[in-house]
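Now for the letters of each chain:
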Amino acid sequence: MNEPLSKATTLERRKLLLGKNLSVAYAEPIKVVRGHMQYLYDDDGRKYLDAYNNVAHVGHCHPQVVKAGQDQMALLNTNTRYLSELINEFAERLSGTLPNSLNVCYFVNSGSEANELALRLARAHTNARDLIVLDHAYHGNTTSMIDISPYKHNGPGGSGPPKWVHQVPLPDLYRGPYRADVKEASARYAQHVIDAIARLERGALCGFIAESLPSVGGQIVLPAGYLKSVYSAVRNAGGVCIADEVQTGYGRVGTHFWSFESYEVVPDIVALGKPIGNGHPIGAVVTTREIADSFDNGMEFFSTFGGNNVSCAIGLAVLKTVHDEELQTHARDVGSRMLKGLQQLMGRYEIIGDVRGSGLFIGVELVRSRETREPATIEAAAVVNRMRDEAILLGTDGPFHNVLKIRPPMPFNSQDGDRLVETLDLILRSVVH
Ligand SMILES: Cc1ncc(COP(=O)(O)O)c(C=O)c1O
């Protein structure tokens, strides 16, 4: 058997063979060769606690999910033009987790495709084009998704939004323009949406899209009442409300199965991705019968791989595992203990400006001064690299990349959480002093 190539050679070959704007995590990259539940293993056999990869929702290479995929792959894998109970069952179980009105499913292959389709559904239903988006949002890598993602089109290499995209402030109670009084802030952020609608021509509004707990924006918990007011204003103007649950669904936020539920709203269209295939590329859109009927306008909808038998078998196994292993309650318990631990660290380290999140979806915002809230971007990168050296994987996010992002596979347990908090404590001590 050939000797495995060294990490350095793999990095060199990657630079030659792949596009340069594919980034690599950490100053000292990791060559991962194996994954199991909340752990990743590198080419030297070192075991890392994964506190970052939400895609491996029920755990890296969860045996039940692997088996479901292997068994189905050996039996049949074809497309949605043939009848199969697998896709029906997946659709039935998936819509069973959502409010009753959301009962028609479409399957695609990624979160980007799910949001693309959500946009097409919204346009077909409203006969309108203009969309309201949150600042710093990210909804995918395709042309239209870059158009509706300020994080991309306003960032390096971007060329701004097209005319049909209208950006409103991210309702960030820590860093945004309105902070102190939650009720007032919520109303003022919502007013931006109402004002944006008022500036449009009558009948021009297609809809509003937002993550229910904006992640790229810095793990932002939306103020209570915000989505309620926004959804109502959008619907009054003839638009539809799209919830991007690509990162936040499937029990991750602990209190609810879907993040939008914690704000007591029901979207018209929900876009899903990352966790639903546990690493197998599955995206899905769930909507109302009324919107689905508007989309059924004579043009066939077909995705070669979307809804194939293997994807459906895997999707079902993931959903079943989330339920059987009670991962939502687990996320709530482990997450609230970790939040408390992180809040205690905030009491000791000035550099922690804010700790926020829900369940196993947490952000720790680092600042140079609590007064000015100057982002501690360099320090955040240093902390993440030091955590990596201690075999704990985290990332950063937010417009200034100063928010430590904690979003582990769901089997991550209380001992893992304690270890993360204790290690962060040691590292902050050396970064700060
Ligand atoms: C909120 C959100 N929506 C959509 C996407 C796009 O998903 P994908 O990379 O599967 O196309 C992402 C990916 O990071 C995301 O975070």
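What counts and how
Residues numbered from 1 in each chain as written. Predicted model: local features only at pLDDT ≥ 70, side-chain atom pairs only at ≥ 80, totals over all residues. Heavy atoms only, no water. Near = heavy atom within 4 Å. Polar contact = N/O pair within 3.5 Å; in protein donor to acceptor, adjacent residues only side chain to side chain. Areas by Shrake-Rupley, 256 points an atom, 1.4 Å probe, with all protein chains shown as cover. Nonpolar A, V, L, I, M, F, W, Y, C, P; charged D, E, K, R; others polar. Helix = DSSP H or I, 4+ residues; strand = E, 2+ residues; numbered from the N terminus. Buried < 20%, exposed > 50% of the residue type's maximum accessible area, 1.4 Å probe, protein only. Axes fitted to C-alpha atoms, helices over the stretch in contact; angles between N-to-C directions. Parallel < 35°, antiparallel > 145°, perpendicular 65-115°, else oblique. Left-handed = near helix turned anticlockwise from the far one by under 90°. Contact = heavy atoms within 4.5 Å. Pairing = 2+ DSSP bridges. Phe/Tyr/Trp six-rings, centres within 6.5 Å; stacked < 30°, edge-to-face > 60°. Patch = residues over 30% accessible without salt bridge, like charges linked within 9 Å, V, L, I, M, F, W, Y side chains within 5 Å. Salt bridge = Lys/Arg side-chain N within 4 Å of Asp/Glu carboxyl O.

A.B. asks: Looking at this structure, I do not really get the site of the ligand. What am I missing?
C.D. replies: Ser 110, Gly 111, Ser 112, Asn 115, Tyr 138, His 139, Gly 140, Glu 211, Asp 244, Val 246, Gln 247 and Lys 274 make up every residue found near the ligand. In the environment of the ligand, an oxygen atom lies 2.5 Å from a nitrogen or oxygen atom belonging to the side chain of Ser 112. Within the side chain of Lys 274, a nitrogen or oxygen atom sits 2.8 Å from an oxygen atom of the ligand. Coverage of the ligand by the protein amounts to 84% of the 390 Å² it exposes when considered alone. When its residues are assigned to classes, the shell around the ligand shows two nonpolar, seven polar and three charged.

A.B. asks: It is not clear to me how unusual backbone geometry should be interpreted in this structure. Could you clarify?
C.D. replies: Comment: phi is negative for the bulk of residues other than glycine, and the bulk of peptide bonds are trans. One non-glycine residue, Met 37, adopts positive backbone phi at about 50 degrees. Position of Met 37 among the secondary structure elements: in the loop between β1 (32-36) and β2 (39-42). Take Met 37: its relative accessible area is 15%, and that puts it in the buried class. Although it is not a glycine, Tyr 250 adopts a positive phi angle of roughly 70 degrees. Relative to the helices and strands, Tyr 250 resides in the loop between β8 (240-244) and β9 (269-272).

A.B. asks: Just checking my understanding: could you explain the packing of helix α7 (residues 182-199) against helix α8 (residues 226-236) for this structure?
C.D. replies: A pair of packed helices is captured by two measures, namely the crossing angle of their axes and the spacing between those axes. Interhelical geometry of α7 versus α8 gives an angle of 15 degrees and a closest axis separation of 9 Å. Here α7 lies roughly parallel to α8, going by the angle between them. The handedness of the crossing between α7 and α8 comes out as right-handed. Contacts between α7 and α8 involve Ser 186, Tyr 189, Ala 190, Val 193, Ile 194 and Ile 197 on the former and, on the latter, Tyr 226, Ser 229, Val 230, Ala 233 and Val 234. Split into classes, the residues belonging to the contact of α7 with α8 amount to nine nonpolar, two polar and no charged.

A.B. asks: Honestly, the pairing of strand β5 (residues 130-134) in this entry has me stumped. Any pointers?
C.D. replies: Where a strand is regular, its side chains alternate between the two sheet faces. Most of β5 is tucked away: five of the five residues are buried. Side chains of β5 alternate between two faces, with Asp 130, Ile 132 and Leu 134 and Leu 131 and Val 133 buried alike. Here β5 pairs with strand β7 (residues 205-211) via four bridges, running parallel. Paired with Leu 131 across the strands is Gly 207, a residue of β7. One ladder, built from four bridges, connects β5 with strand β6 (residues 165-168); its direction is parallel. Looking across to β6, one finds that Ile 132 is bridged to His 166.

A.B. asks: Any chance you could explain the packing of aromatic side chains here in plain terms?
C.D. replies: One pair of aromatic rings is described through two measures. These are the centre distance and the angle between the planes. If you walk through the whole model with that rule in mind, you get ten aromatic pairs. Their ring planes at 70 degrees and their centres at 6.4 Å tell us that Phe 208 and Tyr 231 sit as a pair that is edge-to-face. Of this pair, Phe 208 sits in strand β7 while Tyr 231 sits in helix α8, and the two are 23 residues apart along the sequence. With respect to burial, Phe 208 and Tyr 231 carry one shared label: buried.

A.B. asks: How should a nonpolar patch on the surface be read in this particular structure?
C.D. replies: A contiguous nonpolar surface patch, about 450 Å² in accessible area, is contributed by Leu 16, Leu 17, Leu 18 and Leu 22. Structurally, the position occupied by Leu 16 is in helix α1 (residues 7-17). For Leu 16, a relative accessible area of 75% translates into the label exposed.

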